Every structure is written in C-alpha cells, then in structure tokens.
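Listed below, chain by chain, are the residues.
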Amino acid sequence: MATDTDTIPLFLLQSVLFPKALLGLRVFEPRYLDMVSSSLRNNRGFGICLTHLRGDGHAEPERVGTLARIVDWGGEPGMLEIQVEGQQRFTVQDWYYAGALAMASVHYWAEEPIVPMRREDDMLRAILRELLGEAAARNPDASTAGMILAQALPASPEEKQALLLLQDPLERLRRIHNLLNQRGGA
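Note that the structure is predicted; figures quoted are calculated from it, not measured. (Residues numbered from 1 in each chain as written. Predicted model: local features only at pLDDT ≥ 70, side-chain atom pairs only at ≥ 80, totals over all residues. Heavy atoms only, no water.)

Explain the packing of aromatic side chains to me, please; I cannot follow it from the model alone.
By the definition in use, this model includes four aromatic pairs. Taking 4.0 Å as the distance between ring centres and 10° as the angle between the ring planes, the aromatic pair formed by Phe11 and Tyr32 counts as stacked. With a gap of 21 residues between them, Phe11 in strand β1 (residues 5-13) and Tyr32 in helix α1 (residues 30-42) connect regions that are remote in the sequence. This pair shows no difference in class: Phe11 is buried, exactly as Tyr32 is. Relative to Tyr108, the ring of Phe90 has its centre 6.3 Å away and its plane inclined at 85°; by these criteria the two rings are edge-to-face. Here Phe90 is found in strand β6 (residues 79-98), whereas its partner Tyr108 is found in strand β7 (residues 101-108), with 18 residues between them in sequence. For Tyr108, a relative accessible area of 3% puts it in the buried group. Here the aromatic residues Phe11, Tyr32 and Phe46 are joined through ring pairs into a cluster of three or more. (Phe/Tyr/Trp six-rings, centres within 6.5 Å; stacked < 30°, edge-to-face > 60°. Helix = DSSP H or I, 4+ residues; strand = E, 2+ residues; numbered from the N terminus. Buried < 20%, exposed > 50% of the residue type's maximum accessible area, 1.4 Å probe, protein only.)

It is not clear to me how unusual backbone geometry should be interpreted in this structure. Could you clarify?
Backbone geometry follows two general trends: most residues other than glycine have a negative phi, and most peptide bonds adopt the trans configuration. Phi is positive for Lys20, close to 70°, though the residue is something other than glycine. Structurally, the position occupied by Lys20 is in the loop between β1 and β2 (22-27). Exposure remark for Lys20: the relative accessible area of 31% places this residue in the partly exposed category. One non-glycine residue, Asn43, lies in the positive phi region at around 50°. The residue Asn43 is located in the loop between α1 and β3 (46-53) in this model.

These figures come from the coordinates and say nothing about function on their own.
Here's what the structure looks like:
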C-alpha cells in the first residue's frame with residue numbers, strides 16, 4: 001500500500017479511473033511507454049488524472065486522480081496494451097513536467113468506510129452481476145459497487161470526475177442511479 005504522500009508519474013487522459021475498477025489502455029507515446037516499462041520493472045504504480053487543455057495547448061491534470069497498478073499487459077513493438085486496476089485516490093499537491101512526462105507530488109486519500117448497499121440498490125446489483133458475474137457480485141460493499149459501476153457508467157469524463165470526488169459511497173450509488181435514470185438505463 002502507498003504511503004500518505006508520494007511523487008509519481010502521471011498518465012494524463014480524457015478518462016477517469018476509479019479505485020477497485022479496471023481500465024484498458026493502449027500505450028504508444030514514447031514517454032508513456034517508458035513510464036509503463038519503469039512501472040513494471042520497479043513494481044510501482046502511476047497516477048491517472050483526467051486532463052484539460054490549458055490556453056497554451058498544454059495538458060493540465062485535475063487535482064484528484066487515482067493510483068493505477070498494471071495487472072496485465074501485452075502488445076507489439078511500439079504499442080503496448082495494458083490493463084490497470086485503480087488503487088487509492090489522491091490529491092495532486094504540486095505537479096511539473098520532467099522532460100515530456102508529468103510528475104506530481106500527491107497526498108493519498110483514506111479508504112472509504114465499508115457500508116452495505118441499500119435495499120433500493122437492487123437494480124444496481126443486477127448491473128454488477130452482468131459486469132462481474134454472479135459470484136463476484138454477491139455481496140459487494142457500497143464503495144466497491146459504486147467504484148466499479150462508475151467506471152462502467154456511460155457518462156462524460158466530467159460526470160465521472162464528479163463521482164470520483166465523492167467521499168460518501170451511498171451518495172455515489174444514488175448519483176449513479178440518477179444518471180442511469182436520466183439516460184433511460186434504469
């Protein structure tokens with residue numbers, strides 16, 4: 001497990017990664033190929049942050065992201081396909097470019113409380129069963145369920161970032177339910 005503060009490389013994306021969730025990535029930029037190689041060699045994670053373009057055309061990370069751990073990889077020369085699992089959320093204290101790679105001093109968040117899902121979340125349990133299978137979705141806590149559902153949610157990166165910022169797992173499930181209702185998915 002990571003310490004409370006750390007300095008990590010950042011993978012700047014138009015995507016959000018949630019703790020306990022999986023995300024597939026295609027890596028082809030040399031700076032990120034080097035970062036992934038170093039991560040695999042040193043068994044260290046890297047941060048994934050939603051990115052916005054500044055007025056000067058450079059990418060700027062959101063202030064909250066998620067530590068990613070590579071759980072599977074493969075590919076061919078010049079193109080790496082990896083699957084990462086979200087670990088802890090973090091707040092970017094300060095960030096800078098080291099060459100072409102963004103680096104950040106981060107402060108890790110505490111784990112969310114373990115609380116059961118509510119009875120009214122049965123529809124969300126059904127979605128979890130479709131995503132994970134019957135056995136894996138049998139008794140998830142509200143935090144785990146919310147993180148996995150938020151990752152799979154057909155929502156904009158900004159909506160997902162708002163879900164990532166929440167610290168109440170039951171509120172996250174309520175918002176996911178509302179977003180699905182708005183899209184006719186519930």
